[in-house]
Amino acid sequence: MKRLHVSFGTQDLEKSVLFYSTLFGAEPSVRRPGYAKWMLDDPRVNFVVESLSGEKGFSHAGIQVDEQEELAPIFERLKEAEAPYLPEGVTTCCYHKSEKSWTADPDGVRWEAFYTMHQMEDFGTGPELETPGVTAEDKSIRGCC
């Protein structure tokens, strides 16, 4: 099964946590310094607000899978979409160890597809990517969290 992922940057995490906890009728599933995540079933979404990236507002969207085997078909569709494609592989990003790849839609909206292996205690920012054939434009689609 898949879950929509949406990430927002915020300048005031505590105000955002209060707002979204009220909106969703639930407290965050995960709280870490500069980071809060709700794993909701109705609607089925992984919703993140974080203050560590320095971004404010919408950051990126994604598709999270429950089983690692579900990634391959999604990665293939990302490659076929005639858009930048950046395979990140296994990485630590935003307190989670995940396997992921990135793309961007025609308007530049960043999307990730990922499987989360487990939570981490440290806030990772992903790898420095030096992938043959990956352009600077491709790298610009990469986000974290």
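Bear in mind that the values here come from a model prediction, so they are computed numbers and not experimental data.

Visitor: Kindly report on helix α2 (residues 71-80), identifying the contributing residues and their values.
Guide: Looking at α2, one finds that the buried residues are Leu71, Ile74, Phe75 and Leu78. For α2, the buried positions fall inside an angular range of 100° around the axis, keeping them on one side. A positive phi of about 55° marks Glu82, the residue just after α2.

Visitor: Residue-level account of helix α1 (residues 13-24), with values.
Guide: Since the α-helix advances by 3.6 residues per turn, residues separated by three or four positions end up pointing in the same direction. Helix length check: α1, at twelve residues, gives a terminal C-alpha distance of 16 Å against a target of 16 Å (1.5 Å per residue), a fit within 8%. Among the residues making up α1, those that are buried are Leu13, Ser16, Val17, Tyr20 and Ser21. With its buried residues spanning 130° around the axis, α1 presents them on a single face. Turned more than 90 degrees off the buried face of α1, the exposed positions are Glu14, Lys15, Leu18, Thr22 and Leu23. Tucked into the core, α1 has its buried residues touching β2 (30-32), β3 (35-41) and β4 (44-50). Its side-chain oxygen at 3.3 Å from the backbone nitrogen of Glu14, Asp12 defines the N-terminal cap of α1.

Visitor: Summarise unusual backbone geometry; cite the residues concerned and give the values.
Guide: Residue Pro43 follows Asp42 across a cis peptide bond; omega there is 0°. The topology assignment puts Pro43 in the loop between β3 and β4. The phi dihedral of Glu82 is positive, around 55°, even though this residue is not glycine. By the element assignment, Glu82 lies in the loop between α2 and β6 (85-93). Overall, the relative accessible area of 80% leaves Glu82 in the exposed class.

Visitor: How would you explain the pairing of β4 if you had to name every residue and give the values?
Guide: Most of β4 is tucked away: six of the seven residues are buried. Of the strand pairs in this sheet, strand β1 (residues 2-9) and β4 are connected by six bridges, and their pairing is parallel. Paired with Val6 across the two strands is Phe47, which belongs to β4. Summarising the sheet, β3 and β4 pair through seven bridges and their orientation is antiparallel. Along β4, the bridge assignment pairs Leu40 with Val45. Counted along the chain from β3 to the antiparallel partner β4, the turn is two residues long.

Visitor: Requested: an account of the packing of aromatic side chains, with residues and values cited.
Guide: For the structure shown, the criterion picks out nine aromatic pairs. For the ring pair Phe8 and Phe58, a centre distance of 5.8 Å and an interplane angle of 80° mean the geometry is edge-to-face. Placement of Phe8 in strand β1 and of Phe58 in strand β5 (residues 57-65) is noted, with a sequence separation of 50 residues between them. On the accessibility criterion, Phe58 (41% relative accessible area) is partly exposed. Aromatic rings pair up to connect Phe8, Phe19, Tyr20, Phe24, Trp38, Phe47 and Phe58 into one cluster. Lying across the ring of Phe114, Lys100 places its NZ or CZ 5.6 Å from the centre.

Basis of the calculations
- Residues numbered from 1 in each chain as written.
- Predicted model: local features only at pLDDT ≥ 70, side-chain atom pairs only at ≥ 80, totals over all residues.
- Heavy atoms only, no water.
- Buried < 20%, exposed > 50% of the residue type's maximum accessible area, 1.4 Å probe, protein only.
- Helix = DSSP H or I, 4+ residues; strand = E, 2+ residues; numbered from the N terminus.
- Arc of directions from axis to C-beta.
- Expected span 1.5 Å × (residues − 1).
- Contact = heavy atoms within 4.5 Å.
- Polar contact = N/O pair within 3.5 Å; in protein donor to acceptor, adjacent residues only side chain to side chain.
- Pairing = 2+ DSSP bridges.
- Phe/Tyr/Trp six-rings, centres within 6.5 Å; stacked < 30°, edge-to-face > 60°.
- Lys NZ or Arg CZ within 6 Å of the ring centre and 35° of its normal.

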